[in-house]
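Here is what each chain is made of, one letter per residue.
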Amino acid sequence: MRILGAPRFLVAWGVPDRTGLETAAARFGLAPAFEGSDVQILASPGYALPLGDACGVILGTLFERNGPPRAVSEVAVNPFGAAFDAVASALLKKHWGAYCGVVRDGRSWRFVRDPSGGLPAYLARGPGSCMIGSDPELIAATGYWRPAIAWANLACHLYTRGLPTPATSLEGLVEILPGHTCDICDASVPIEALWSPWDHVASDAVADRQEQAEALRRTVQNAVSAWSSRYSSILIGVSGGLDSSIVAASLTRGDVRVTGVTLITEDPDGDERPFTRQLAQGLGLEIHEIPYDLADIDLGLSCVAHLARPIGRSHALAYDRPMHRLARASGVEAFFSGNGGDNVFYYTQSANPVADRLLADGAGVGALHTLRDVSRLTGCTPLQAAAATIASLRTRRGGYQWRTDPTFLHARTCADLVHLPAEHPWLREGRARAPGKAAHIAALLRIQSGLEGYDRSLPPMINPLMSQPVIERCLAVPSWMWVEAGRDRALARRAFAPLLPDAIHQRRSKGGPDGFANQVIHRHRAEIIERLTCGHLAREKIIDSQAIVTLLSDERPTLGADQARLLSLLDTEAWVSHWSP
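Residues numbered from 1 in each chain as written. Predicted model: local features only at pLDDT ≥ 70, side-chain atom pairs only at ≥ 80, totals over all residues. Heavy atoms only, no water.

(A) Quick peek at the sheet that holds strand β8 (residues 122-126). Pairing within the open sheet is antiparallel, and its six strands lie in the order β2-β3-β1-β9-β8-β10. Whereas interior strands pair on both sides, the edge strands pair on one side only; in this sheet they are β2 (31-36) and β10 (174-175). Sheet topology note: the β2/strand β3 (residues 39-43) ladder contains five bridges and is antiparallel. Paired with Ala31 across the strands is Ala43, a residue of β3. (Pairing = 2+ DSSP bridges. Helix = DSSP H or I, 4+ residues; strand = E, 2+ residues; numbered from the N terminus.)

Structure representation (structure tokens):
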């Protein structure tokens, strides 16, 4: 079946007036997926799997854990059992994908979202009713919920650098986080976790590095193969780096047309063609080479206007727009990416792996080897690595400390938030005492908000490296194996060395669009100052406008670390304008 857009769904309970649902269904092409006991469910065609015995429906894409690498197309009967606990357990242990489920639980209904977060889920409640949908625009289109900015939540989101929480930056809209469940019919029942990354840590009996590498390669290839079975035409963004190259090398199905694309800057640091051309030659892959273009920049348009939180940067439009144009011109059914590779393969420049090895094996030869590996990786001396290890061990009892970011935020905002703990259940876990593995799990949290992809009217964004089997496989790998021989993501390099050009397999540095981002700031300096001194964020005293003016009064060609924050706030201003009346 030809997929025309990313999957969407609506779950309505206790909503007496169906007019809004019908209007939204007609506008977004949704079809009835399930109905019973005051519950009505609509979904994009081809994305609903009714369970037997009228006990619910699975929405999105579902694969069998040990089955063939293709999506489950039908469920003739309910294979999971009648009770919700049995269904949830079977989904988490025997299946994976990008799915949400609505399952009968006695006289109530429960909603569950898969651990990968591949299919978004947002909840709005009213008196005696609720609605859950795949995106804010869809829920708003029903008229059940009216968007408004949640200023306090927005300030917290900026301060905590996007720490995933149920609260969104839109009033009355809650995200059901990956791996969580909620009672649709009873608002007094809290949203609960069904899945924890800690259940998959240090439980793997495979200790040999080569066996670990082979298991990782099989898992990644199976995930990519399964996802690619859903589409006949795929566009993959490649940068010449390790992660996107691994995904490209795993796209081996002969019945799928795969095309690559790389964006290039005038700055040599952002021109990855020497690497992407080797990848193209090695894989026999056609890769389009498209220059970043300042004409694609519109500071009044957020690149994430469709999301419930602002997570973008204004210069990203110059990446997104050519991707969309190429997809339309070539009839692409899905975007694939290497997003999440740094996170799932635990890219680190810290001494935390040494601390983990000491806790696991004691002070022996193994810990000394890891100390040497970290020194080679970071360029520090063994003495400096040892000091950093001691510091890591001293702070581990408090669990992982999520770093906040007050840069360019108003003093009042920072004062209101400084005593607010930046916490997440995964980081509060009693098992979060191994510094390296805790940092690995924090990295998985850091990427969650970036996985929703483009506006859901566009083809879906598939991030195979963030599939549940890949996440669980990587969590089982000891943290020190990711820095072996002084190489970042070492086990992934070992796993895919036979499939990648040596230049990519051995590559230690990677470029990026920083040069182009600086061009954007230089070209639009006056407009940026106006937007960030006279706009919504300034009026609400969320940002420190004077600090931004001071920064932009400096004519330096580059702004260093401040560049990313500035472009983030600029896109946030556009996001607020999009959702404001």
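After that view of the structure, there is still more to cover.
(B) Looking closely at the nonpolar core. In terms of nonpolar packing, the biggest core is built from 80 residues, with Leu216, Ile246, Phe336, Val344, Phe345 and Trp482 touching the most fellow members. In this view, Leu216 contacts Phe345, Arg473, Cys474, Trp482, Leu491, Ala492 and Ala495; residues no more than four positions away in its chain are not counted. (Core = buried A, V, L, I, M, F, W, Y, C linked by side-chain atoms within 4.5 Å. Buried < 20%, exposed > 50% of the residue type's maximum accessible area, 1.4 Å probe, protein only. Contact = heavy atoms within 4.5 Å.)

(C) Examining the pattern of salt bridges more closely. The full count for this structure, using the stated rule, is 25 salt bridges. Among the ionic pairs, Arg65 bridges to Glu472, the shortest N-O distance being 2.9 Å. Here the residue Arg65 occupies a position in the loop between β5 (56-64) and α2 (84-94), and Glu472 occupies one in helix α16 (residues 468-475), the gap between them amounting to 407 residues. Glu472 gets classed as buried once you look at its relative accessible area, which sits at 11%. A salt bridge links Glu272 to Arg507; its shortest N-O distance comes to 2.6 Å. In this pair, Glu272 is assigned in the loop between β14 (257-264) and α7 (273-283) and Arg507 in the loop between α18 (502-505) and α19 (514-523), connecting sequence segments 235 residues apart. The pair formed by Glu272 and Arg507 is uniform in burial state, with each residue classed as buried. (Salt bridge = Lys/Arg side-chain N within 4 Å of Asp/Glu carboxyl O.)

(D) A look at the pairing of strand β6 (residues 95-105). Of all the 11 residues making up β6, nine are buried; the element is thus mostly covered by neighbouring parts of the structure. Pairing between β5 and β6: nine bridges, direction antiparallel. For Gly56, the partnering residue across the bridge sits in β6 and is Val103. The sheet contact formed by β6 and strand β7 (residues 108-113) spans six bridges and is antiparallel. Along β7, the bridge assignment pairs Gly101 with Val112. What sits between the antiparallel neighbours β6 and β7 is a turn of two residues, in which Gly106 has the positive phi angle 65 degrees.

(E) Broad picture of helix α6 (residues 242-250). Taken across its nine residues, α6 has nine buried, putting it largely inside the fold. Restricting attention to buried positions, one finds in α6 the residues Leu242, Asp243, Ser244, Ser245, Ile246, Val247, Ala248, Ala249 and Ser250.

(F) How the structure looks around the sheet that holds strand β4 (residues 48-50). With antiparallel pairing, six strands are arranged side by side in an open sheet as β4-β5-β6-β7-β11-β12. On the outer flanks of this sheet lie β4 and β12 (192-193), each paired with one strand and no other. Inspection of the sheet shows β7 paired to strand β11 (residues 180-183) by three bridges, in the antiparallel sense. When the sheet's bridge partners are listed, Arg110 is paired in β11 with Asp183. Each of β5 and β6 is contacted by helix α5 (residues 209-228), which is oriented at about 70 degrees to β6, the strand it contacts most. (Axes fitted to C-alpha atoms, helices over the stretch in contact; angles between N-to-C directions.)

(G) Inspection of the pairing of strand β15 (residues 286-291) at higher detail. Bridge analysis of β14 against β15 gives six bridges, and the strand direction is parallel. What sits directly across from Thr259, in β15, is Glu286. The handedness of the β14 to β15 crossover, carried by α7, is right-handed. (Right-handed = clockwise from strand over helix to strand, strands pointing away.)

(H) Region of the structure containing the packing of helix α20 (residues 525-534) against helix α22 (residues 545-552). Direction vectors running N to C along α20 and α22 enclose 170 degrees, while the axes themselves pass 9 Å from each other. Judged by the inter-axis angle, α20 sits roughly antiparallel to α22. Facing α20, whose interface residues are Arg525, Ile528, Ile529, Leu532 and Thr533, α22 presents Ser545, Ile548, Val549 and Leu552. (Parallel < 35°, antiparallel > 145°, perpendicular 65-115°, else oblique.)

(I) Molecular detail of unusual backbone geometry. With a phi close to 45 degrees, Tyr346 is a non-glycine residue in the positive phi region. With respect to the element layout, Tyr346 can be found in the loop between α9 (341-344) and α10 (352-361). A positive phi is found at Ala485, a non-glycine position, where the angle reads about 65 degrees.

(J) Molecular detail of the packing of helix α15 (residues 435-448) against α16. Their axes nearest at 11 Å, the elements α15 and α16 cross at an angle of 160 degrees. Regarding the angle of α15 to α16, the classification is roughly antiparallel. Classified by chirality, the crossing of α16 by α15 is right-handed. For the pair formed by α15 and α16, the contact residues are Lys437, His440, Ile441 and Leu444 on the first element and Ile471, Cys474 and Leu475 on the second. Looking at the contact of α15 with α16 residue by residue, the classes come out as five nonpolar, one polar and one charged. (Left-handed = near helix turned anticlockwise from the far one by under 90°. Nonpolar A, V, L, I, M, F, W, Y, C, P; charged D, E, K, R; others polar.)

All we've got here are geometric facts, nothing functional implied.
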